[in-house]
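Coordinate analysis (summary)
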Amino acid sequence: MYDYLIVGSGLFGAVCAYELTKAGKSCLVVEKRNHIGGNIYTEQIEGINVHRYGAHIFHTSDREVWDYINQFARFNHYINSPIARYQSECYNLPFNMNTFTKLWPDVFTPAEAKARIDSERRERFTSEPKNLEEQAINLVGETIYRKLIKGYTEKQWGRPCTELPPFIIKRLPVRFTFDNNYFNDAYQGIPIGGYTQIIKQMLAGAEVRLGCDFFSHRKSLTVVARKIIFTGAIDQYYDYCFGALQYRSVRFETETLETDNFQGNAVVNYTSADVPYTRIIEHKHFEFGQQPRTVISREYSTEWKKGDEPYYPVNDLKNNDLYEKYRERAAEEKKVIFGGRLGEYKYYDMHIVIKNAIETVRKEING
Ligand code: FAD
Ligand code: UDP
């Protein structure tokens, strides 16, 4: 009998396993994929650490979380500065003075940029925005919306901006400095050598079974431990009894190219509707790689259906209401704890997942 069965070897499950084994508890981790790490898994191809499930940049302003993750790897000084390609044009993200001076050749100063954006906002201002398009134009005006937001967002969410709720982009960071740093956090970087090594260390004290889907062995696994930490999809755990939650999935098309530098940046977003993918990741640039070849991944956003990998919860009002029903049911469980992106149906970044997992174990140990 184990103290804990942990379903899923992603970041949430791995932090729980590490903290629980440190506190003297025995853990069995079951993972349906044939590798550990969940979506932060990295694998080496051509000597390059490839982010198999999409670009993962660690960022946080929480000193405790930053110190915590630094126990397991050394982080480099990578700063996320994505590029946006719109037709034959190329811009810096997030929206900042580098973007504005390129969009409008007669704009040089912050005051000129502000005046330009303000005049566009006034032209089509809606007092109570009813959809994402109206909200975006209220915030940044027509030009930025049309070139840098509309196509990308419609591809990402699979529906027109006029049918998406405004709250998805409550705020869009607009910076009137020449600063291409995508995040505002105090700490940022990529673990040198990739993320898998971190998970491997976290799981060192636990027993791990790969290729083991909880639902294929539900009966025997439910009695193998005193408690269960479940990091899979909560609606699946309850056999979709209240209905299926919606997710967005992603198809990654990964290719090795006979060039040492394909796009000169780790992340290039394609913001026009006529390009079918949302972005191309060139993995070597996360670690300033000098390898002779390069590996790129095109990301295609798709509607999730049963059997696909659920990457992004769709946290609109309808789905959040449905999730609430599952959460209430889960709160009654004595033996099962739900955690992580799928267990809590929340668009969590890595630093939040770490914090939540540490807190979950603290409660378990100290009550
Ligand atoms: P997961 O990583 O999904 O782990 C869950 C694990 O459970 C998986 O390994 C899964 O196979 C397993 N599992 C599920 N069901 C079962 C079952 N029935 N039986 C056995 N095993 C099961 N965060 C950042 O901070 N920075 C970023 O730049 C960033 N970029 C992202 C880009 C993309 C495309 C995506 C999808 C996410 C990104 N994130 C980013 C978020 C980050 O991936 C998550 O915060 C983190 O991976 C969540 O960890 P988790 O353990 O909750 O979930
Ligand atoms: N977004 C956009 N254009 C871009 C990048 C992002 O309009 O070039 C919008 C889009 O609506 C997207 C949201 O910003 O859904 C968040 O995107 P981001 O890449 O920051 O987050 P992620 O999808 O990686 O969680």
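Quantities reported herein were computed from a predicted structural model and do not represent experimental measurements.

Rules and cut-offs
Residues numbered from 1 in each chain as written. Chains lettered and ligands numbered in written order. Predicted model: local features only at pLDDT ≥ 70, side-chain atom pairs only at ≥ 80, totals over all residues. Heavy atoms only, no water. Buried < 20%, exposed > 50% of the residue type's maximum accessible area, 1.4 Å probe, protein only. Helix = DSSP H or I, 4+ residues; strand = E, 2+ residues; numbered from the N terminus. Pairing = 2+ DSSP bridges. Axes fitted to C-alpha atoms, helices over the stretch in contact; angles between N-to-C directions. Parallel < 35°, antiparallel > 145°, perpendicular 65-115°, else oblique. Left-handed = near helix turned anticlockwise from the far one by under 90°. Contact = heavy atoms within 4.5 Å. Nonpolar A, V, L, I, M, F, W, Y, C, P; charged D, E, K, R; others polar.

With that out of the way, let us pick up the pairing of strand 2 (residues 27–30). Every second residue of strand 2 is oriented toward a common face, with Cys 27 and Val 29 on one face and Leu 28 and Val 30 on the other, all of them buried. Bridge analysis of strand 2 against strand 9 (residues 207–209) gives 3 bridges, and the strand direction is parallel. In the sheet register, Leu 28 faces strand 9, and the bridge partner there is Glu 207.

In this structure, Pro 94 follows Leu 93 across a cis peptide bond, with omega equal to -10 degrees. Its place among the elements puts Pro 94 in the loop between strand 7 (89–92) and helix 3 (97–103). At Phe 288, a position not held by glycine, the phi torsion is positive, near 55 degrees. Relative to the elements of secondary structure, Phe 288 occurs in the loop between strand 13 (279–282) and strand 14 (294–303). Classification of Phe 288 by relative accessible area gives partly exposed; the value is 39%. Unlike most non-glycine residues, Tyr 345 shows phi in positive territory, near 50 degrees.

Close contact between helix 5 (residues 132–140) and helix 6 (residues 142–157) brings their axes to 9 Å; oriented N to C, the two are set at 140 degrees. In terms of orientation, helix 5 and helix 6 fall into the oblique class. Here helix 5 runs over helix 6; the crossing is right-handed. In contact with Leu 132, Glu 133, Ala 136, Ile 137 and Val 140 of helix 5, helix 6 contributes Glu 142, Ile 144, Tyr 145, Ile 149, Lys 150 and Thr 153. Looking at side-chain class alone, the contact of helix 5 with helix 6 contains 7 nonpolar, 1 polar and 3 charged residues.

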